Structures are given as structure tokens and as C-alpha cells.
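Breakdown of the fold
Each chain, written out:
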Amino acid sequence: MSRSFEELMNQFSSCRKKVLSVACAQDEPVLEAVKEAHEKGIVDAILVGDEAGIRSIGTKIGMNLNEYQIIDEKDPKEAAHHAVSLVHDGKADMYMKGILPTKDFLKSVLDKEAGLRKNKVLSHVVVFEIPGIDHLLFLSDVAFIPYPTLDDKKEMIRYCVEIANACGVDNPKVAPLAAVEVVNPKMPATVEAEQLHEANEAGELTGCVVDGPLSLDIALYEQAAIEKGAQDRPCAGKSDILIFPDIHAGNITYKAIQHMVPGVKAGCILTGTAAPVILTSRSDTKDVKVNSICLAAILSEHQKNH
């Protein structure tokens, strides 16, 4: 089981390099991340976008552009269509957003002819390495589904379990979160959390242990569970996967961890697609983008083998 992004990268070292297709690649942080991932032996890359811009930035950051395929396409929407088609047609393994609006990137992902949509539900997963927690945490959904339904949450759990498995976590512990750890009919998040637990018990959600509702402190910290008398809960203090009741709770938690916890590391991936999709924010650091590429590569390898 990998407990850090460094271990994930070491885990991938024995695998074949993946081919990454980047839409609108003329962006310095993106090219810096691609360069580092390439140098670490994780990916080769096809850079689609404004060739002059790509070459200018590449030269500035010391990128050996002879090691990359560059496809000149100045129109952002056409660049995205071309880049996603490479993955759709099996010429690349993974798809990454460069410098184009998220809505245009997602349109290319959802394109009926050349896109990558596999399931009805798409979801965003963040993987955190947090100092003081001895394992990776998988969070969903913090950026994509505003108000997930019960069925959405079931899919979110299935996606997170697959990513956790790819990272070497067998039978991950899943905590559907709420403000409290008891069911209250006036708090729908607690009711749905119990229903997710029941779906797990009934064999509808497999390959994991679902224990909800749980408050965040009980899900992550054994001492909090002891103090609240919840130490016998199966996921208390040991949760691998956190499922948020809505995008507000997820996004606020994500940003609080990302910006307020010293030494935290993160990677992001869009799930429910036929191939891994890397959807990061322009405000994300180069390291987040490198970690996201690594995460996508490991998921791609896992999907190939399963």
C-alpha cells in the first residue's frame, strides 16, 4: 500500500510509460509538470495547442522538445477536440487540461463521437497526503457534483474504491460524512449515509467497508472516536475515503486542507470516464499537477490490468 505520492511514483517505476495527451498545452505550469513527469519516467506526452507558444515556454523552462510530439492547433476548442480524440482512438492513455476554460475542456470529454464519457455520473476525486495521517486520503466530491443524490454517492464510492485499489489499498474504509455520527431524520445527509452503509451490508457496494454517518473527526482520529464513544465503529479513526454530502462541504474542506495545512500534497482526477482525465485548477501548483499525472498513470495501469 502506498502511503505517499513518493511511494506512488516508486510504485509506477516498474510500469510502462503512459502517453499523455494535453489540450492547449501552451501553459507554463502545465508544461513544467509534464516535463517533470516525463523526466521521472511516468509519461511521454503529445502536446496539442499553439506550437509557437509551446516552443517558447518549453525553451524558457529547459524542456527538450525533441522528446515530445507537438500538434499545432491554435483554436482552443479544436485543440481540445484533437487532444481528446487521441485518447478516444487509443493513441494516448490519459487526457489533461491545459490553458482553456473548464467548460470547453469538459465539452470535449463529453463529446458523443470523440469524447471519453463512460458512465452517466462523472465525479472529481482528490487524493491527499497529509502530515500526521499515516495513509493517503481519497475525497469526493469537492469540485464537480453540486448536490449528489444517493445514487450519485454510490457511484462516487465505486470510483474512489477503484482509485484506492490502484494505489494499493485493499478493502478501503469509506466514511459518508455528516455533521453528526447518528441518524437524524431532519438531517438528510445522515439518512443517506446510513443508506450507503446498508447498501454495503447488502452487497450492492462491494470491495470496501462503508460506515456512516460519521463526523470528520471520528472518521480520521481514533482519540476523537474514543472521546465520543464511537471507537467500535468499523471506520472510526481509520477511514481511507471521505464522501461529502455536497460540494460546499467538500470544496471548503479541500481548500482548507490545501491552503492551511503545511506540507500537504495533493493530486486530482476526474472519474467516470473511459480513460483517466486530469482536471486541475489554474491555481494548483506544479506539484499538484505532477501528482495528478502520476495518479492518472497508476489508475490507467490498474484499469489495463483489470
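The numbers attached to residues start from 1 for each chain and follow its sequence in the written order. In keeping with the predicted nature of the model, local features appear solely for residues at pLDDT of at least 70, side-chain atom pairs appear and are counted solely at 80 or more, and the whole-chain, interface and lining totals rest on all residues. Note that water and hydrogens are dropped before the side-chain values are worked out from all heavy atoms of the structure.

**Structural notes on the pattern of salt bridges**
Definition used for salt bridges: Asp or Glu carboxyl oxygen within 4 Å of a side-chain nitrogen of Lys or Arg. By the definition in use, this model includes 16 salt bridges. Salt-bridge contacts for Lys-17 lead to Asp-44; the nearest nitrogen and oxygen are separated by 3.3 Å. With Lys-17 in the loop between α1 (5-12) and β1 (18-23) and Asp-44 in strand β2 (residues 43-49), the pair connects residues that are 27 residues apart, well separated along the chain. Here the term buried applies to any residue with accessible area under 20% of the maximum for its type, exposed to any over 50%, and partly exposed to those in between, with areas from a 1.4 Å probe on protein chains only. Given a relative accessible area of 30%, Asp-44 falls into the partly exposed group. A salt bridge links Lys-153 to Glu-192; the nearest nitrogen and oxygen atoms lie 2.8 Å apart. Here Lys-153, found in helix α6 (residues 150-166), pairs with Glu-192, found in helix α7 (residues 188-201); they are 39 residues apart in sequence, far enough to count as distant. A relative accessible area of 5% means that Lys-153 is categorised as buried. Several salt bridges share partner residues, and in doing so they unite Glu-36, Lys-40, Lys-286 and Asp-287 into one network. The secondary structure listing takes helices from DSSP runs of H or I that are at least 4 residues long and strands from runs of E that are at least 2 residues long, numbered from the N terminus.

**Here's the deal with the UniProt feature "domain: Phosphate acetyl/butaryl transferase" (unreviewed entry) in the chain**
Annotation from UniProt places "domain: Phosphate acetyl/butaryl transferase" (unreviewed entry) at residues 6-77 and 78-297. Secondary structure content for residues 6-77 is 43% helix and 24% strand, while the C-alpha to C-alpha distance between its ends is 35 Å. Across residues 78-297, helical content stands at 40% and strand content at 15%; the span's end C-alpha atoms are separated by 25 Å. UniProt positions are given in the numbering used here, feature names are shortened, and annotations may be inferred rather than shown by experiment.

**Notes on the packing of aromatic side chains**
Working definition: rings of Phe, Tyr and Trp (its six-membered ring) pair if their centres are within 6.5 Å, and the pair is stacked with planes under 30 degrees apart, edge-to-face with planes over 60 apart, and tilted otherwise. Tallying each qualifying case throughout the model produces two aromatic pairs. The interplanar angle of 20° and the centroid separation of 4.6 Å between the aromatic rings of Tyr-95 and Phe-105 together place this pair among those described as stacked. Here Phe-105 lies in helix α5 (residues 102-110) and Tyr-95 lies in strand β4 (residues 94-97), a separation of ten residues in the sequence. On the basis of relative accessible area, Tyr-95 is assigned to the buried category, the value being 0%.

**Quick look at unusual backbone geometry**
For the peptide bond that leads from Ser-140 to Asp-141, omega is -10°, which places it in the cis range. Take Asp-141: it is sitting in the loop between β6 (137-140) and α6. Note the cis peptide between Gly-212 and Pro-213, where omega equals 0°. Residue position: Pro-213 is located in the loop between β8 (209-210) and α8 (216-220). With phi around 55°, Cys-24 is a residue other than glycine that occupies positive phi space.

**Quick word on empty space enclosed by the protein**
The way it works is a 1 Å grid over only the protein atoms, where trapped points that fit a 1.4 Å probe form a cavity and open points with protein on both sides within 12 Å along at least five of seven lines form a pocket, and then any residue with an atom within 4 Å of a point lines it. Grid points are joined across faces, edges and corners, and a volume is the space filled by probe spheres set on the points. Applying the stated rule across the entire model yields one cavity of 30 Å³ or more. Considering only enclosed or pocket space, the largest cavity measures out at about 40 Å³ in volume. Lys-153, Pro-176, Leu-177, Ala-189, Ala-193, Leu-196, Ile-243, Phe-244 and Pro-245 are the residues that line the largest cavity. Side-chain classes are defined by residue name, with Ala, Val, Leu, Ile, Met, Phe, Trp, Tyr, Cys and Pro counting as nonpolar, Asp, Glu, Lys and Arg as charged, and the others, Gly among them, as polar. When its residues are assigned to classes, the lining of the largest cavity shows eight nonpolar, no polar and one charged.

**Structural notes on the side chain of Lys-154**
Note on placement: Lys-154 falls in helix α6. Here, two residues are considered to be in contact whenever any of their heavy atoms come within 4.5 Å of each other. Residue contacts for Lys-154: discarding those within four places in its chain leaves Leu-196, Ala-199, Glu-204 and Leu-205.

**Some words on the environment of Glu-194**
With respect to the secondary-structure elements, Glu-194 resides in helix α7. Linking Glu-194 and Pro-176, residues 18 residues apart in sequence, is a C-alpha distance of 8.4 Å.

**Focus: helix α4 (residues 76-88)**
With 13 residues, α4 extends 18 Å from end C-alpha to end C-alpha; this agrees with the ideal 18 Å at 1.5 Å per step. If you check which residues of α4 are buried, you get Ala-79, Ala-80, Ala-83, Val-84, Ser-85, Leu-86 and Val-87. For α4, the secondary structure elements touched by its buried residues are β1, β2, β3 (69-72), β4 and α5. We call two N or O atoms a polar contact when they sit within 3.5 Å, provided that within protein one can donate a hydrogen and the other can accept it, with sequence-adjacent residues counted only if both atoms are side-chain atoms. With a side-chain oxygen positioned 3.2 Å from the backbone nitrogen of Lys-77, the residue opening α4 is Asp-75. Within two residues after α4, Gly-90 carries a phi angle of roughly 80°, on the positive side. What a helix is expected to span follows from its residue count: subtract one and scale by 1.5 Å.

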